[in-house]
Amino acid sequence: MRNEIVLDLETKAAPTNTGGRRELAALGISVAGVWTSADDKFRAYRESEIGELAALLKRADRVIGFFITKFDFPVLQPYLDFDLAEVPVLDIFDDVSSKLGHRISLSSLAKATLGEDKSGHGLDAITWYRAGDWQRLEEYCLNDERLTRDLYHYGGKFGHLAFESFVDRKTVSVPVSWGMPEESEIRAMVERAAAEKRVLEIAYVS
């Protein structure tokens, strides 16, 4: 069984529209939420507990998130003693946006695919952090965590996600292939078919 982790984090401050990786690295983490497949549990880690999160990430077979390669990873990297570029990652935002040719929000995917929505906004999380409202902050972070996990599982099971088009407000389906076998499994299947002189059928999805 894969050791998969879904990751989401909130920051102490908001980035500017022109903020680069250096600015993101200076935002600071208020809370990081994870879901781990090994025990099917959600956890929230505050800044002082990031060392525990780091240990989980080192052991992960895959880290899943939404917009994590461009936001969460640059924010998290200064806290770690290893390079996050070495961690196997699936960024739902990157995957879906590359197929659509435009950006897509977690809210849009969750509403059309799961019939659910986010419980707040990233700026709300900063307000709650500054007010010391840890309960609402952690609940918000873990709810985003759950939506991301459920989208990942839905895509793996059904091979697509749905979103509402901003052009005509119709619900549109976008194919994903997260439930496909690992590359090593596919290679072994092809090699076995060749050795046994069997016909191998390949289906392409567009």
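In the block above lies the structure referred to throughout.
Note that the coordinates shown come from a computational prediction; the quantities given were computed from them, not determined experimentally.

Trainee: So what exactly am I meant to see when it comes to the nonpolar core here?
Mentor: Nonpolar side chains in soluble globular proteins tend to end up buried together. Counting residues in each nonpolar core, the largest one holds 25 residues, and the members touching the most others are Leu 53, Leu 57, Val 63, Leu 76, Leu 80 and Leu 84. For this core, the secondary structure elements donating two or more residues are β1 (4-11), β2 (29-36), α2 (50-59) and α3 (68-76). Beyond its immediate sequence surroundings of up to four residues, Leu 76 is in contact with Leu 7, Leu 9, Ile 29, Ile 50, Leu 53, Leu 57 and Leu 84. If you look at the next biggest cluster of nonpolar residues, it comprises 18 residues, including Val 6, Ile 64, Ile 92 and Leu 161.

Trainee: How do you make sense of the packing of aromatic side chains when you look at a structure like this?
Mentor: For any pair of aromatic rings, geometry is given as the distance between the ring centres together with the angle between the planes. All told, the structure shown has six aromatic pairs when counted by the stated rule. Between Phe 66 and Phe 93 the ring centres are 5.7 Å apart and the planes differ by 75°, which places this aromatic pair in the edge-to-face class. Remark: Phe 93 occurs in helix α4 (residues 92-100) and Phe 66 occurs in the loop between β4 (62-65) and α3; sequence separation between them is 27 residues. Under the relative-accessibility criterion, Phe 93 is labelled buried at 5%. Consider the rings of Trp 128 and Tyr 140, whose centres lie 5.8 Å apart with planes at 65°: the pair is edge-to-face. In this pair, Trp 128 sits in helix α6 (residues 122-131) while Tyr 140 sits in helix α7 (residues 134-158), placing the two residues 12 residues apart along the sequence. Each member of the pair, Trp 128 as well as Tyr 140, carries the same accessibility label: buried. Taken together, the aromatic side chains of Phe 66, Phe 67 and Phe 93 make up a single cluster linked through ring pairs. Just above the ring of Trp 134 sits the side chain of Arg 46; from NZ or CZ to the centre is 4.2 Å.

Trainee: I keep staring at unusual backbone geometry and nothing clicks. Help me out?
Mentor: A negative phi angle characterises most non-glycine residues, just as the trans form characterises most peptide bonds. Look at Asp 40: it is not a glycine, yet its phi comes out positive at around 55°. Structurally, Asp 40 is set in the loop between β2 and β3 (41-46). Within the chain, Phe 67 stands out as a residue other than glycine whose phi angle is a positive 65°. Tracing the backbone through its elements, the reader meets Phe 67 in the loop between β4 and α3.

Trainee: I tried to follow the pattern of salt bridges on my own but got confused; where do I start?
Mentor: A full pass over the atoms with the stated rule returns 13 salt bridges. For Glu 47, the salt bridge goes to Lys 12, with nearest N and O atoms at 2.7 Å. Here the residue Glu 47 occupies a position in the loop between β3 and α2, and Lys 12 occupies one in the loop between β1 and α1 (21-25), the gap between them amounting to 35 residues. Note that Lys 99 is salt-bridged to Asp 95, the shortest N-O span being 2.7 Å. Of this pair, Lys 99 and Asp 95 both sit in helix α4, four residues apart, which is roughly one turn of the helix. Accessibility expressed as a relative area gives 40% for Lys 99, which makes it partly exposed. Where salt bridges share partners, they join Asp 40, Glu 116, Arg 146, Arg 149 and Asp 150 into one cluster.

Trainee: Can you walk me through a nonpolar patch on the surface in this structure?
Mentor: A cluster of nonpolar side chains, Ile 186, Met 189, Val 190, Leu 200 and Ile 202, forms an exposed patch at the surface whose accessible area comes to about 410 Å². When you line up the elements, Val 190 lands in helix α8 (residues 183-195). Judged by relative accessible area, which is 40%, Val 190 ranks as partly exposed.

Trainee: Hey, could you run me through the sheet that holds β3 in this one?
Mentor: What links the strands of a sheet is backbone hydrogen bonding, and the strands pair in either a parallel or an antiparallel sense. One open sheet accounts for five strands, arranged β3-β2-β1-β4-β5; its pairing is mixed. The sheet is open, and its two borders are formed by β3 and β5 (89-91), each paired with just one other strand. Across this sheet, the average inter-strand angle for adjacent strands is 25°, counted without regard to direction. Note that β4 and β5 share three bridges and pair parallel.

Criteria and cut-off values
- Residues numbered from 1 in each chain as written.
- Predicted model: local features only at pLDDT ≥ 70, side-chain atom pairs only at ≥ 80, totals over all residues.
- Heavy atoms only, no water.
- Core = buried A, V, L, I, M, F, W, Y, C linked by side-chain atoms within 4.5 Å.
- Buried < 20%, exposed > 50% of the residue type's maximum accessible area, 1.4 Å probe, protein only.
- Helix = DSSP H or I, 4+ residues; strand = E, 2+ residues; numbered from the N terminus.
- Contact = heavy atoms within 4.5 Å.
- Phe/Tyr/Trp six-rings, centres within 6.5 Å; stacked < 30°, edge-to-face > 60°.
- Lys NZ or Arg CZ within 6 Å of the ring centre and 35° of its normal.
- Salt bridge = Lys/Arg side-chain N within 4 Å of Asp/Glu carboxyl O.
- Patch = residues over 30% accessible without salt bridge, like charges linked within 9 Å, V, L, I, M, F, W, Y side chains within 5 Å.
- Areas by Shrake-Rupley, 256 points an atom, 1.4 Å probe, with all protein chains shown as cover.
- Pairing = 2+ DSSP bridges.
- Axes fitted to C-alpha atoms, helices over the stretch in contact; angles between N-to-C directions.

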